[in-house]
Amino acid sequence: MKEYVFEKVSRFPETENEWKKFPEAKIDCFDFSPDAVNPETSVRGVFSEMGLALRFESDEKNVLARYHGVNEKPWTDSCVEVFFNPCPERNDKYFNFELSAGGGLLVGYGKDRHERIRCDFTLDIFGIKTEITENGWTATFIIPFEFVLRYAPGFDSVFAGNFQKCGDETASPHFPTWNKIESPSPDFHRPECFGKFILGGY
């Protein structure tokens, strides 16, 4: 099982150089798409009293960015994702945050793929920023603790989650993950395969 430590900060990083001071997690398990053009994708995360902040970076070419709104179909575009259960010792439900290169976000919460709700939100609370260049794309966003606690019974300093990259309808569909998922076909909704997330110094 992989581990990722979110370092504590007094303010969230804003520039690329500020983000590069923090540990990188590579989304490099390609079991679901071994023959695809799998982009090199990584993520860095931090936390403050406000919540989590994440920055994804991908060298994906021919970026697909059709979705820009709330709870549409970002996974069919060029997409980065974080799934996590904020309190696995108290609850078996987890969040899925799926962010399109176009800035569209889907958020779900529930026990498994079938028993889930689509969360209610407006995009502005997540501070989403995406940038597409000839060399790939980046995405940053914030997950406020206040939002998480609308649904979950708590947020522990050690919790469970995974990072993913996908693009179901891109030129070369791909499904890499950070922590390995044991499944015969692509399926990110496998909380039993989550890695360990740690809020450092919490």
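In this report, the structure presented in the accompanying data block is examined. Each chain carries its own residue numbering, running from 1 in the direction its sequence is written. With pLDDT at 70 or above as the cut-off, local features in this predicted model cover only qualifying residues; side-chain atom pairs require 80 or more to be listed or tallied, and sums for whole chains, interfaces and linings still use all residues. With hydrogens and water set aside, each side-chain value is computed from the structure's full complement of heavy atoms.

A short note on the nonpolar core
Filter applied, for reference: Nonpolar cores were defined as sets of buried Ala, Val, Leu, Ile, Met, Phe, Trp, Tyr and Cys residues, with membership established by side-chain atoms within 4.5 Å. Think of it in three bands: residues with accessible area under 20% of the maximum for their type are buried, residues over 50% are exposed, and the middle band is partly exposed, with areas taken using a 1.4 Å probe on protein chains only. Each helix is a run of H or I in the DSSP string that is no shorter than four residues. Each strand is a run of E no shorter than two, and both are numbered from the N terminus.
Core analysis: the biggest nonpolar cluster contains 36 residues, and Phe6, Phe84, Phe95, Phe97 and Phe163 have the highest contact counts within it. No other element matches the four residues that strand β10 (residues 136-144) contributes to this core. In terms of nonpolar packing, the next biggest core, distinct from the first, is built from 11 residues, Phe83, Ala160, Cys166 and Phe188 among them.

Observations concerning the environment of Trp137
What counts is decided by this rule: Two N or O atoms count as a polar contact when they lie within 3.5 Å, although within protein this holds only if one can serve as hydrogen donor and the other as acceptor, and sequence-adjacent residues are included solely when both atoms are side-chain atoms.
In this structure, Trp137 sits in strand β10. For Trp137, a relative accessible area of 2% corresponds to the buried category. Between the alpha carbons of Trp137 and Tyr151 there is a distance of 31 Å; along the sequence they are 14 residues apart. Within the structure, Trp137 has its side chain in polar contact with the side chain of Glu60 (distance 2.9 Å).

Regarding the packing of aromatic side chains
Operational definition: Whether two aromatic rings pair depends on their centres lying within 6.5 Å, for rings of Phe, Tyr and Trp, where Trp uses its six-membered ring; planes under 30 degrees apart make the pair stacked, over 60 edge-to-face, and the rest tilted. Cation placement over rings: the criterion is NZ of Lys or CZ of Arg within 6 Å of the ring centroid and within 35° of the ring normal.
Applying the stated criterion to the full structure yields 31 aromatic pairs. With centroids separated by 6.2 Å and ring planes inclined at 85 degrees, the aromatic side chains of Phe95 and Tyr151 adopt a geometry described as edge-to-face. Of this pair, Phe95 sits in strand β6 (residues 94-100) while Tyr151 sits in helix α2 (residues 145-151); the two residues are 56 residues apart in sequence, bridging distant segments of the chain. Residue classification places Phe95 among the buried positions, given a relative accessible area of 0%. With relative accessibility at 23%, the residue Tyr151 sits in the partly exposed group. Residues Phe97 and Phe141 carry aromatic rings whose centres are separated by 6.3 Å and whose planes lie at 40 degrees to one another, so their mutual orientation is tilted. Highlighted residues: Phe97 in strand β6 and Phe141 in strand β10, separated in sequence by 44 residues. Neither Phe97 nor Phe141 differs from the other in exposure class; each is buried. For the cation-ring pair, Arg116 lies above Tyr94, with the distance from its terminal atom to the ring centre recorded as 4.0 Å.

A look at the environment of Phe22
Applied cut-off: Residue contacts are counted whenever heavy atoms from the two residues lie within 4.5 Å of one another.
Looking at the secondary structure, you find Phe22 in the loop between α1 (16-19) and β2 (25-26). Since its relative accessible area comes to 14%, Phe22 is described here as buried. Taking C-alpha positions, Phe22 is 13 Å from Leu52, a pair spaced 30 residues apart along the chain. Aside from chain neighbours lying at most four places away, what touches Phe22 is Glu7, Val9, Pro13, Arg44 and Val46.

A look at the layout of surface pockets
So the rule is basically this: In this analysis a 1.4 Å probe is tested at points of a 1 Å grid over the protein atoms alone, and where it fits but cannot get out there is a cavity; an open set with protein on both sides within 12 Å along at least five of seven lines is a pocket; lining residues have an atom within 4 Å of a point. Grid points are joined across faces, edges and corners, and a volume is the space filled by probe spheres set on the points. Polarity classes work like this: nonpolar for Ala, Val, Leu, Ile, Met, Phe, Trp, Tyr, Cys and Pro, charged for Asp, Glu, Lys and Arg, and polar for all others, with Gly in that last group.
Taken as a whole, the largest pocket encloses approximately 380 Å³ of empty space. Elements with a contribution of two residues or more to the lining of the largest pocket: β5 (79-85), β6, β7 (105-110) and β8 (116-118). Across the lining of the largest pocket, the residue classes break down as eight nonpolar, three polar and seven charged.

Points about the pairing of β10
Look at any regular strand and the pattern is simple: side chains alternate between the two faces of the sheet. To keep things clear, this is the line we draw: Here, a strand pair is defined by DSSP locating no fewer than two bridges between the strands.
Burial analysis of β10 places nine of its nine residues in the buried class, which makes it a mostly covered element. Of the two faces of β10, both are covered, the one formed by Gly136, Thr138, Thr140, Ile142 and Pro144 as well as the one formed by Trp137, Ala139, Phe141 and Ile143. In the sheet, strand β4 (residues 51-58) pairs with β10 via eight bridges, with the strands oriented antiparallel. Note that in β10 the partner of Gly51 across the bridge is Pro144. Both strand β9 (residues 129-133) and β10 contribute to a ladder of five bridges, which runs antiparallel.

A look at the pattern of salt bridges
Pairs may arise between side chains of opposite charge once their charged atoms sit close together. Our working rule: The term salt bridge refers to a pairing of a side-chain nitrogen on Lys or Arg with a carboxyl oxygen on Asp or Glu at a separation within 4 Å.
Across all of its chains, the model carries 18 salt bridges by this definition. Here Arg11 ties to Glu18 by a salt bridge, and the two come within 2.6 Å at their closest N and O atoms. Note on Arg11: relative accessible area 46%, which makes it partly exposed. Beyond isolated ion pairs, a larger network of salt bridges with shared partners links Glu16, Lys20, Arg55 and Glu57.

A few points about unusual backbone geometry
Excluding glycine, most residues fall at negative phi; most peptide bonds, likewise, are trans. Located in the positive-phi region is Asn62, a residue other than glycine, with phi close to 50 degrees. Note on placement: Asn62 falls in the loop between β4 and β5. By relative accessible area, which is 66% here, Asn62 ends up exposed.

Function-wise, these values are silent; they only describe arrangement.
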